[in-house]
Amino acid sequence: MSAASTAESADFRGPLDITRAATVVLDAESTVIGWSPAASELLGYGPSDALGRPLTTFLSVRPAGGTLPAEASGAAGPGPGPPSLIGNEIHVARTRDGRELLVATATCPLPGAAGASGPGTPDRILVAAEVEALLHWESRIALLQGLATQSPVGLAIYDTDLRLSWSNTAYEREMGQPLAAFRGKRAEELYGAGSFVTPGYPHTLAGVMRQVLDTGEPVLDLHFRGQPPSDPGRDHLWSCAYYRLEDAHGHALGVCEDAFDITDRYRVQERLTLLVEAGRRIGTVLDVATTAEEIAEVAVPDFAATVRVDVTRAAVTGETAAVGSPADMTLLRVAERSAPGSGTPDPGLPASGPTETGRPDPYRPGASPTVTDSPDPGRPETGPTGSGPTGSGPTGSGPTGSGPTATARGPGGTNSPGGPRQPYPPVDYPPGSPQNRSLSSGGLVLDEGTLVVPLRTGGGILGLVTFDRGEGSDTSGRTPGPDRATTFDNGEVALADELAARAAVCIDNARRYTRERTASLALQRQLLPHHLPPQSAVETAYRYLPADDVTGVGGDWFDVIPLSGTRVGLVVGDVVGHGLQAAATMGRLRTSVRAFAQLDMAPDELLTRLDDLVGQPAEDRSDACGGAVETYDVTTGATCLYAVYDPVSRRCVMARAGHLPPAIVGPGGEVSFPDLPAGPPLGLGGLPFESMEIDLPVGSLLALFTDGLVEARDHDIGRGLDTLGQVLGDRSASLEELCDRAVSELVPGGTSADDTALLLVRTRALGADRVADWELTAEPVSVGRARELATGQLEAWGLEELVFATQLVVSELVTNAVRYAGGPLGLRLIRDRTLVCEVADTGHTSPHLRHSAADDEGGRGLFIVAQLVQRWGTRYTPTGKTIWTEQALPPAEAG
């Protein structure tokens, strides 16, 4: 815009103002006796052409359209211009060049003209202007009038002393009183408690206005927060602009303030920000309680003074049948958070409130979060999943210490996802309470300053979220702050519904995850050994650490299997993947290994049978429609290490299927990893498995483990094996201590991305005084000889009570060997936790237990033997087979 246009826009003199309009002086006969330059410019006639001529030469006698409309006749009303103009008339003016103009005219009689009405005597003055110019001026006057009386923008003028000199109607409404009541006051007197929140500018009104007066630079869109006198209960936010007012000579007259209340817009922006923050912070982990705590953290204090989250018991435990059904709508207080200095009575927990000491009770639901450096001695100690007393069980073994206790963010104590929690207190809302009405109706309920929103998903209700603005006094008698709204408007109700909807989806996801994880853990714990029975052949200790909560339950397993002849089978395995399918596969493999081991298979044969079993589902699996199932087979690729230790010969036979070899520590502390032939992982097939036999002196240490122990993201397997060897080399430490050290060194955090299994075995040997063996010929006379030898040995051991039964067993087994197999024969008695009787021959056929008919001459001997012993079976060897039996020792000997 040019300087001329700017000056024209700033000139508010009316078109009929005598200083601007075409002015004509008339006598009593309407003869022109005076002609202004503006008249010459409007009509094109000079003074010499106009003077002495009648007015009708230039203007029509009658108005072209009567009087102007009211909105166009501003000269008769308030505004700039001579106050004595008596009205406007519209005439058609003829210009010198023949054009016709529509002009508005006004006349003003001259004082004293009534007594002198002769020709040539001035009688009145007529002013004229184009109608278009007059209408344009009237619109500008209407604009000023609208800013002063109708505009929602507050306008105020402060003089150079920063005292208010004028304001419009909108400003008066904010002040709650007319202008005369506060004219002359300083800005600090009107908004003393307010301040600017826009960074980079002074915080006070006086500071900003003084800066504008001094520099002349306008300031736009400054945000000012304060409480207007007309609404002292709530903070408002204004967008303000300031610019200096100057006179025609450039001298400062004061500062003009434009202020627009953007409180509603700001609150909408706050709600949007809160919604974005909720999307970022709610549902960060798959844990019901943590998700409930997160919605409380997001909403307090920006949205509500107190937030309580109650979740159904079924949702907390991960159950599905009762979720949202009336059968079990027991609510548990999972999370509660209040802003400092806030708090309202809880209808669901009537006993809640401050303790007698005035401080929140840490054992009461909803107590203020606290951080402690050590576990509370009065409450059960919690820790990461899998931790517990040393040797307490596969899922409870591991490091028994943890770091500082986590912040207690909810009523249940610690908040480690998936870890053990204190029971959440049940809540019972009385009839008529907002919560009870929400449960009954299934919809949200607004009751003054309390808003209850149900957590809905899948047509059911998972719980309730109570938002409380703290209307009235809190539990300590304090009233809410003046800037806090005590109720919820429609926008806030919609926001609360959206927050609850997002939280419900996250809680439902966490519930589903909890259900699957609980099922996986239960399956895994049921399939892993709960405890290892004592063995004469070995001393054992173990640790099992499940994977962390991100990856879920894995498929590592271990087992110690008692075998015939006081031998023991040792196994450790690893299934690919995590979750319920991996745990189920682990249980299937472990059961198969135990079944094959009970058949006294050699390690290489057992792995071969297991490999065949694993390979079958990949060929036979199909869905109900006969099509192939396109799911990843976690069984294929599983690894396993199986070893059999004999305490009599002190030899260990082992084989592996894609698994890491064991660590062996000799009696002197030397550590080695035997070069055990590496078979392929299970299910791949194509290559045979090979066994290796190793002599293990008494006191040797055998360590079986999975790759989760020695492999991590920050180091390779080689480094892990070196660290494990250094730990196991300490011969002075017990097996339990070695387990703890190995886990703390190799899995410092107690959890890893993969399951960790460690089985330590220290070998023992049966003394010569507990084993007796003889070699017999395959002749009938050997039957009596065997009875005599067995009777003599039992008497030497003081087991006379077992003589009769043992004679029958020995007679039957040796007789069968003489009749159906070849010699030489072997007889061995082992006094262990049971009495073991073994008869070896060179045959490869196994006797079978059967019921003999009444006319059968044989077949009853083995049946009688089975009734006299606890267990019996057949063990095949490279030279034949061994039939073995076990008898319980007398109570005195067994103790």
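Structure: above.
What you are looking at is a predicted structure, and each value in this text was computed from that prediction instead of being measured.

Some thoughts on the packing of helix H17 (residues 717-728) against helix H18 (residues 735-746)
Then comes step 1: At a minimum axis separation of 9 Å, H17 and H18 run at an interaxial angle of 150°. One element, H17, and the other, H18, form an angle in the roughly antiparallel class. In this structure, H17 crosses over H18, and the sense of that crossing is right-handed. Contact residues: Gly720, Thr723, Leu724, Val727 and Leu728 in H17; Leu738, Arg741, Ala742, Glu745 and Leu746 in H18.
Then comes step 2: Considering only residue class, the contact of H17 with H18 consists of six nonpolar, two polar and two charged.

Quick word on the sheet that holds strand S4 (residues 100-109)
Then comes step 1: Taken in spatial order, the five strands make up an open sheet running S2-S1-S5-S4-S3, and their pairing is antiparallel. Edge positions in the sheet fall to strand S2 (32-35) and strand S3 (89-94), since each has one partner strand and no second. Recorded for the sheet is a direction-independent mean angle of 35° between the axes of neighbouring strands.
Then comes step 2: Taken together, the six bridges between S3 and S4 define a ladder with antiparallel strand orientation. Each bridged residue has a counterpart across the sheet, and for Ile90 the counterpart in S4 is Ala104.
Then comes step 3: Along the sheet, helix H4 (residues 131-149) contacts S3, S4 and strand S5 (124-130); its crossing angle with S5, the most-contacted strand, is approximately 80°.

Some remarks on the pattern of salt bridges
Then comes step 1: Inspection of every chain in the model, using the stated rule, returns 32 salt bridges.
Then comes step 2: Here Arg875 makes a salt bridge to Glu838, at a shortest N to O gap of 3.2 Å. Remark: Glu838 occurs in strand S31 (residues 834-841) and Arg875 occurs in strand S32 (residues 871-877); sequence separation between them is 37 residues.
Then comes step 3: Each member of the salt-bridge network shares a partner with another, and the members are Glu277, Arg280, Arg281, Glu297 and Arg337.

A look at the sheet that holds strand S16 (residues 450-457)
Then comes step 1: Taken in spatial order, the six strands of this open sheet run S14-S13-S12-S17-S16-S15, and their pairing is antiparallel. The sheet terminates laterally at strand S14 (426-427) and strand S15 (445-447), the two strands that pair on one side only.
Then comes step 2: In this structure, S16 lies alongside strand S17 (residues 460-468), joined through eight bridges in antiparallel fashion. Within the sheet, the bridge partner assigned to Thr457 lies in S17 and is Gly460.
Then comes step 3: Along the sheet, helix H10 (residues 288-299) contacts strand S12 (306-312), strand S13 (331-338) and S17; its crossing angle with S13, the most-contacted strand, is approximately 30°.
Then comes step 4: The strands that helix H13 (residues 490-527) touches are S12, S15, S16 and S17; relative to S16, the one it contacts most, it runs at about 40°.

Brief notes about unusual backbone geometry
Then comes step 1: Residue Pro301 is reached from Val300 by a cis peptide bond, and omega for that bond is 0°.
Then comes step 2: Of note in the backbone geometry, Asp221 takes a positive phi value of approximately 55° without being a glycine.
Then comes step 3: Secondary-structure assignment places Asp221 in strand S9 (residues 219-226).
Then comes step 4: A residue is classified by how much of its surface remains accessible, and Asp221, at 46% relative accessible area, is partly exposed.
Then comes step 5: Notably, Glu448 is not glycine yet its phi reads approximately 55°, a positive angle.
Then comes step 6: With respect to the secondary-structure elements, Glu448 resides in the loop between S15 and S16.

Topic: the side chain of Glu812
Then comes step 1: Note that Glu812 resides in helix H20 (residues 803-820).
Then comes step 2: For the buried Glu812, no salt bridge is present, and the opposite-charge side chain at shortest range is Arg819, 7.1 Å distant.
Then comes step 3: Excluding residues within four positions of it along the chain, Glu812 makes contact with Gly861, Leu862 and Val865.

Some remarks on the packing of H20 against helix H21 (residues 861-868)
Then comes step 1: At a minimum axis separation of 10 Å, H20 and H21 run at an interaxial angle of 145°. Viewed along their axes, H20 and H21 form a crossing whose handedness is left-handed. Between H20 and H21, the residues in contact are Ala805, Leu808, Val809 and Glu812 and Gly861, Leu862, Val865 and Leu868, respectively.
Then comes step 2: Residue classes in the contact of H20 with H21 are distributed as six nonpolar, one polar and one charged.

Reading guide: rules and limits
Residues numbered from 1 in each chain as written. Predicted model: local features only at pLDDT ≥ 70, side-chain atom pairs only at ≥ 80, totals over all residues. Heavy atoms only, no water. Axes fitted to C-alpha atoms, helices over the stretch in contact; angles between N-to-C directions. Helix = DSSP H or I, 4+ residues; strand = E, 2+ residues; numbered from the N terminus. Parallel < 35°, antiparallel > 145°, perpendicular 65-115°, else oblique. Left-handed = near helix turned anticlockwise from the far one by under 90°. Contact = heavy atoms within 4.5 Å. Nonpolar A, V, L, I, M, F, W, Y, C, P; charged D, E, K, R; others polar. Pairing = 2+ DSSP bridges. Salt bridge = Lys/Arg side-chain N within 4 Å of Asp/Glu carboxyl O. Buried < 20%, exposed > 50% of the residue type's maximum accessible area, 1.4 Å probe, protein only. Lys, Arg positive; Asp, Glu negative; His and termini not counted.

Structural measurements only, silent on function.
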